[in-house]
Amino acid sequence: MKDTAPKFKFAAPNNWLGGNVPFPLNKSFVPPPPISDKQRSEMYSLYMLDPEKYSVRALSQKFHVSLDRVDAILRLKGMESAWVKGNTLQTGFVTGMERILGVPQFTADAINTEGMETNEATFVLRHDVHEADMMEEAEKNDPARQRYQRMYWESLPEFAGEATVPASLERSRRTAERLAAKAAQAKARKYLPVIPDTDTIQTPKALVQVSSKAGRPDIHFIDVGTKFLDITSETKRLAHIETRARLRAKKVAQKQRLTV
């Protein structure tokens, strides 16, 4: 104890029992550094500035953070922005914990225009958690800005009356789901090619197709449609194809005039 304890008398960044790892008997456990509060604030500011441009998926790609983690950051920052009105936040504890945990300080230069972290050490440490998070591909289609900013409160009589806000929100949610389903159908009709059925090629009617083989696990093929299709990129791609087609047609017409 006399030889080991003095090292841990005062808090210091990454002052672990195992030296470079927290636990001496588990060398494989190397926890990634948490996301700094400054980076979380930057993500929330970008989202509130333009929810369409800086959507959850765009922020996930830009900052190398999973969709669910971005969703949690925006929700917590929305709650913080609601609580800060008329109150003073105690940020000293956050600063101290970030120093103890070795959180790299976020700067505007930490993420370049391609969305890649210039701090290579931080990128390597967070690579495993990023890969694990990306296994969860579920994405919600809730209303954009209000789900992180607006809170509802309704006063009721003490012994009578029923709340009207929950029912109204439920109707709005069902309406939003119905409109989202219609938008998804319109999106699929516009961007998914329709291949006519032939004698050898038949379009499956069920969304989930199961391939079974004796002695092997079943393989499930799920038709996700345009769920993960980036409309902006697809629109640019189609516009680029049309532009190239027009240029080719123009060159062909010029060659024909020259030969005549």
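All residue numbers refer to positions counted from 1 along the written sequence of the respective chain. Totals for whole chains, interfaces and linings use every residue, but because this is a predicted model, local features are given only for residues with pLDDT of at least 70 and side-chain atom pairs only at 80 or more, for both listing and counting. Calculated side-chain values reflect all of the structure's heavy atoms, with hydrogen atoms and water omitted.

What follows concerns the overall build of the chain. Secondary structure counts use DSSP, requiring at least four H or I residues in a row for a helix and at least two E residues in a row for a strand, with both numbered from the N terminus. The number of helices and strands found in the chain is 8 helices and 2 strands. Seen in sequence order, the chain has helices and strands lined up from the N terminus as α-α-α-α-α-α-α-β-β-α. Across the 260 residues in the chain, those meeting the buried criterion constitute 17%. When the accessible surface of the chain is split by element, carbon and sulfur atoms take 59% of a total near 20400 Å². Only protein chains enter the accessibility calculation, which uses a 1.4 Å probe. A residue is then buried if its area is under 20% of the maximum for its type, exposed if over 50%, and partly exposed in between. Under the convention used here, a 1.4 Å probe and the Shrake-Rupley method define accessible areas, while residue burial counts only the protein chains that appear.

Okay, helix H8 (residues 231-259) next. Quick reminder: α-helices carry 3.6 residues per turn. Residues three or four places apart thus point the same way. One fewer than the residue count of a helix, multiplied by 1.5 Å, yields its expected span. Taking 1.5 Å as the rise per residue, H8 with 29 residues should run 42 Å; its terminal C-alpha atoms sit 42 Å apart, in good agreement. Of the residues that open H8, the one with a side-chain oxygen 3.2 Å from the backbone nitrogen of Thr232 is Asp230. Each polar contact in these results corresponds to two N or O atoms within 3.5 Å; when the atoms are within protein, one needs to be able to donate a hydrogen and the other to accept it, and residues that are neighboring in sequence are counted only if both atoms are side-chain atoms.

Regular strands show a simple pattern: their side chains alternate between the two faces of the sheet. The element strand E2 (residues 216-222) is barely covered by neighbouring structure, given that only 0 of its 7 residues are classed as buried. Between any two strands, pairing holds if DSSP finds at least two bridges. A loop of 2 residues connects strand E1 (residues 208-213) with E2, the two strands running antiparallel in sequence, and Gly215 in this loop sits at a positive phi of about 80 degrees.

With that settled, the discussion passes to the packing of helix H2 (residues 56-63) against helix H3 (residues 67-83). For the pair H2 and H3, interaxial distance at closest approach is 9 Å and the crossing angle is 110 degrees. Taken together, the axis directions place H2 and H3 in an arrangement best described as roughly perpendicular. Taking contact as the criterion, the partners of Val56, Arg57, Leu59 and Ser60 in H2 are, on H3, Leu67, Val70, Asp71 and Leu74. Gly falls in the polar group here, along with every residue not listed as nonpolar (Ala, Val, Leu, Ile, Met, Phe, Trp, Tyr, Cys, Pro) or charged (Asp, Glu, Lys, Arg). Taken together, the residues of the contact of H2 with H3 sort by class into 5 nonpolar, 1 polar and 2 charged. Here the axes come from fitting lines to C-alpha atoms, over the contacting stretch only for helices, and the angles between their N-to-C directions go from 0 to 180 degrees. For classification purposes, angles smaller than 35 degrees are called roughly parallel, those larger than 145 roughly antiparallel, those between 65 and 115 roughly perpendicular, and all remaining angles oblique. For this analysis, residues touch if any pair of their heavy atoms sits within 4.5 Å.

Inspection of the secondary structure assignment puts Pro34 in the segment before helix H1 (37-49). For Pro34, a relative accessible area of 35% gives the class partly exposed.

By the bridge criterion, 5 bridges tie E1 to E2 in an arrangement that is antiparallel. Directly across from Val210, in E2, lies its bridge partner His220.

Okay, the packing of aromatic side chains next. Two aromatic rings from Phe, Tyr or Trp, using only the six-membered ring of Trp, form a pair when their centres are within 6.5 Å; if the ring planes differ by under 30 degrees the pair is stacked, by over 60 it is edge-to-face, and anything between is tilted. For the coordinates displayed, the defined rule picks out 1 aromatic pair. Lysine NZ or arginine CZ positioned within 6 Å of the ring centre and within 35 degrees of the ring normal marks a charge as sitting over the ring. Residue placement shows Lys62 over the ring face of Phe63; its charged tip is 5.8 Å from the ring centre.

Below, the discussion takes up the pattern of salt bridges. Opposite charge on two side chains makes pairing possible when the charged atoms of those side chains draw close. Salt-bridge detection follows one rule: a side-chain nitrogen of Lys or Arg within 4 Å of a carboxyl oxygen of Asp or Glu. One pass over the full model with this rule turns up 8 salt bridges. Arg173 is paired through a salt bridge with Glu170; the nearest N and O atoms lie 2.3 Å apart. With Arg173 and Glu170 both in helix H7 (residues 165-191) and 3 residues apart, the pair spans about one turn of that helix. What makes Arg173 partly exposed here is its relative accessible area of 38%. Residues joined by salt bridges that share partners form a network here, namely Asp37, Arg40, Lys77 and Glu80.

On to unusual backbone geometry. A positive phi angle, close to 55 degrees, is found at His64, a residue other than glycine. Tracing the sequence through the fold places His64 in the loop between H2 and H3. On the basis of relative accessibility, which here comes to 14%, the residue His64 falls in the buried class.

Moving on, we come to the confidence of the model for the chain. Predictor confidence is given residue by residue as pLDDT, running from a minimum of 0 to a maximum of 100. Averaged over all residues, the pLDDT of the chain is 77; the fraction at 70 or higher stands at 80%. Averaged pLDDT values over the elements of the chain bottom out at 50 in helix H5 (residues 120-133) and peak at 90 in H1. Across residues 112-119, where pLDDT falls below 50, the model places 18 contacts with residues more than four positions away in sequence or in other chains. Below pLDDT 50 for its whole length, residues 136-143 participates in 10 contacts with residues either more than four positions away or in separate chains.

Here we take up the environment of Val21. Within the secondary structure, Val21 is located in the segment before H1. Relative accessible area serves as the criterion here: at 8%, Val21 is assigned to the buried category. As for Val21 and Pro31, which are separated by 10 residues in sequence, their C-alpha atoms are 8.2 Å apart. When near neighbours in sequence (up to four residues on either side) are disregarded, Val21 contacts Trp16, Asn26, Lys27, Phe29 and Val30.

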